[in-house]
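# Observations on the model geometry
Listed below are the residues making up each chain.
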Amino acid sequence: MPYQRKPRFAGSFYPLDKIKLEETIDYLLSRISKIKKSPPKILIVPHAGIDYSGSVAGWGFKQIEGADYYQVILLGVSHYSPFDFAAIFDKGGWETPLGSVFIDEDLSSKIINPQHGIVSQPKIHEPEHSLEVQLPFLQKVLSNFKIVPILLGFISEETKTALVRKIAENLSPNTLLVVSSDLSHYPSDETARRVDQKTINAILSGNPVSFRDTIEELEKTQKIETAACGKAAIEIALLIGQKLGNFSFELIKYANSSETFGDKDRVVGYAAIGAWETL
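Residues numbered from 1 in each chain as written. Predicted model: local features only at pLDDT ≥ 70, side-chain atom pairs only at ≥ 80, totals over all residues. Heavy atoms only, no water.

In this section: the overall build of the chain. When helices and strands are counted, the chain shows nine helices and 11 strands. Expected size for 279 residues packed as a compact globule is a radius of gyration near 19 Å; at 17 Å, the chain falls within 12% of this value. For the chain, restricting intrachain contacts to residue pairs at least 6 apart in sequence, the fraction spanning at least 24 positions comes to 82%. As displayed, the chain has an accessible area near 11900 Å², and 50% of this comes from carbon and sulfur atoms. Here the chain contributes 30 positively and 34 negatively charged side chains, and the mean placements of these two sets differ by 2 Å. (Helix = DSSP H or I, 4+ residues; strand = E, 2+ residues; numbered from the N terminus. Rg over C-alpha atoms; globule rule 2.2 N^0.38 Å. Contact = heavy atoms within 4.5 Å. Areas by Shrake-Rupley, 256 points an atom, 1.4 Å probe, with all protein chains shown as cover. Lys, Arg positive; Asp, Glu negative; His and termini not counted. Charge placed at Lys NZ, Arg CZ, Asp CG, Glu CD.)

Encoded structure:
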């Protein structure tokens, strides 16, 4: 029987109770609006607890509310398990308090490429929160969709290139790419805003080389743990945009944890960024 992933982080990163979870997300979505008539094809959103980054994530997911997406590729970076490949959860489904979401097994099979380090490894997803926390938002804004969760380890350039090609080839009109990443980790509020603005500008440039160089410079010169914990996933999104050649990245919302919990000495940055197809 295909593996069914249980909601490991319900009750910690987001409410375990179905009604409470629905009310929380409905409240967040009700306070914001769409910035464009059309939905983005790529969405970069944060993955902290819903009380911390939920309002920023809500701004991102609001942009795809009611969109005709029935395939969602979830792309993130492992926070817990060290490995050197891209791990795809390719069969079965994921559960949240809002119900089950099935894996798009056909799309998964098209992306898997073992000779280039893109492999079926469902169990590696078990301890990871960064993709799971996106599901309740997706369940509230989309209907009748399936997912392909992809978790990155310390991947090689060969694996990165292959994954960019595989996702780009399968980014159909009904397919959405969701990239999970927070921004700066644990500087002061003042430093976070300065560092995060540079990271955001690099993403908005659409240039993966500029983004990589900016992240490396910031992590060398600033007092931060990381400038973006999902930097490899963001770089892949930029490479896909560059490969397809018709995407414009735009900032939807920025905030940091001091705005929800008040501590300005040790914060985490959050941004929702969308990539829209251009004519």
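It is worth spelling out the pattern of salt bridges at this point. Under the defined criterion, the tally for this structure stands at 18 salt bridges. Ionic pairing is found between K91 and D90, a salt bridge with its closest N-O pair at 3.4 Å. With relative accessibility at 9%, the residue D90 sits in the buried group. Of the charged contacts in the structure, one is a salt bridge between R193 and E259, with a shortest N-O distance of 3.0 Å. Here the residue R193 occupies a position in helix α6 (residues 189–204), and E259 occupies one in helix α9 (residues 258–261), the gap between them amounting to 66 residues. Shared partners join several salt bridges into a network, and the residues in it are K18, E22, D26 and K140. (Salt bridge = Lys/Arg side-chain N within 4 Å of Asp/Glu carboxyl O. Buried < 20%, exposed > 50% of the residue type's maximum accessible area, 1.4 Å probe, protein only.)

This part takes up helix α2 (residues 50–62). For α2, which comprises 13 residues, the first-to-last C-alpha distance of 15 Å sits more than 12% below the rise-based estimate of 18 Å (1.5 Å per residue). Along α2, the helix axis deviates most sharply at V56, where the bend reaches about 35 degrees. Burial within α2 is extensive, with 10 of its 13 residues counted as buried. Looking at α2, one finds that the buried residues are I50, S53, G54, V56, A57, G58, W59, G60, F61 and K62. Here the buried face of α2 lies against α1 (18–30), β2 (42–45), α4 (135–141), β9 (175–180), β10 (247–256) and β11 (269–277). (Expected span 1.5 Å × (residues − 1). Bend = angle between axes of the 7 residues up to and from the residue.)

Turning our eyes to something else, we now look at the packing of aromatic side chains. All told, the structure shown has five aromatic pairs when counted by the stated rule. With a centroid separation of 5.3 Å and 80 degrees between ring planes, the pair formed by F9 and F13 is classed as edge-to-face. A cation sits over an aromatic face here: R5 above W94, 4.5 Å from the ring centre. Note that R266 overlies the ring of Y186, its terminal NZ or CZ placed 4.1 Å from the centroid. (Phe/Tyr/Trp six-rings, centres within 6.5 Å; stacked < 30°, edge-to-face > 60°. Lys NZ or Arg CZ within 6 Å of the ring centre and 35° of its normal.)

On the basis of which strands lie adjacent, the open sheet formed by eight strands has the order β7-β4-β8-β3-β9-β2-β11-β10 and mixed pairing. Looking at strand neighbours, the two that pair on one side only are β7 (118–120) and β10, the edges of this open sheet. When strand polarity is set aside, the average angle formed by the axes of neighbouring strands in this sheet is 20 degrees. (Pairing = 2+ DSSP bridges. Axes fitted to C-alpha atoms, helices over the stretch in contact; angles between N-to-C directions.)

You can see L16 is positioned in the loop between β1 (4–5) and α1. Here L16 falls in the exposed class, since its relative accessible area comes to 56%. Taking the C-alpha atoms as reference points, L16 and E128, 112 residues apart in sequence, are found 17 Å from one another. Those residues within four positions of L16 in sequence are excluded, and the remaining contacts are A10, G11 and P97.

Structural measurements only, silent on function.
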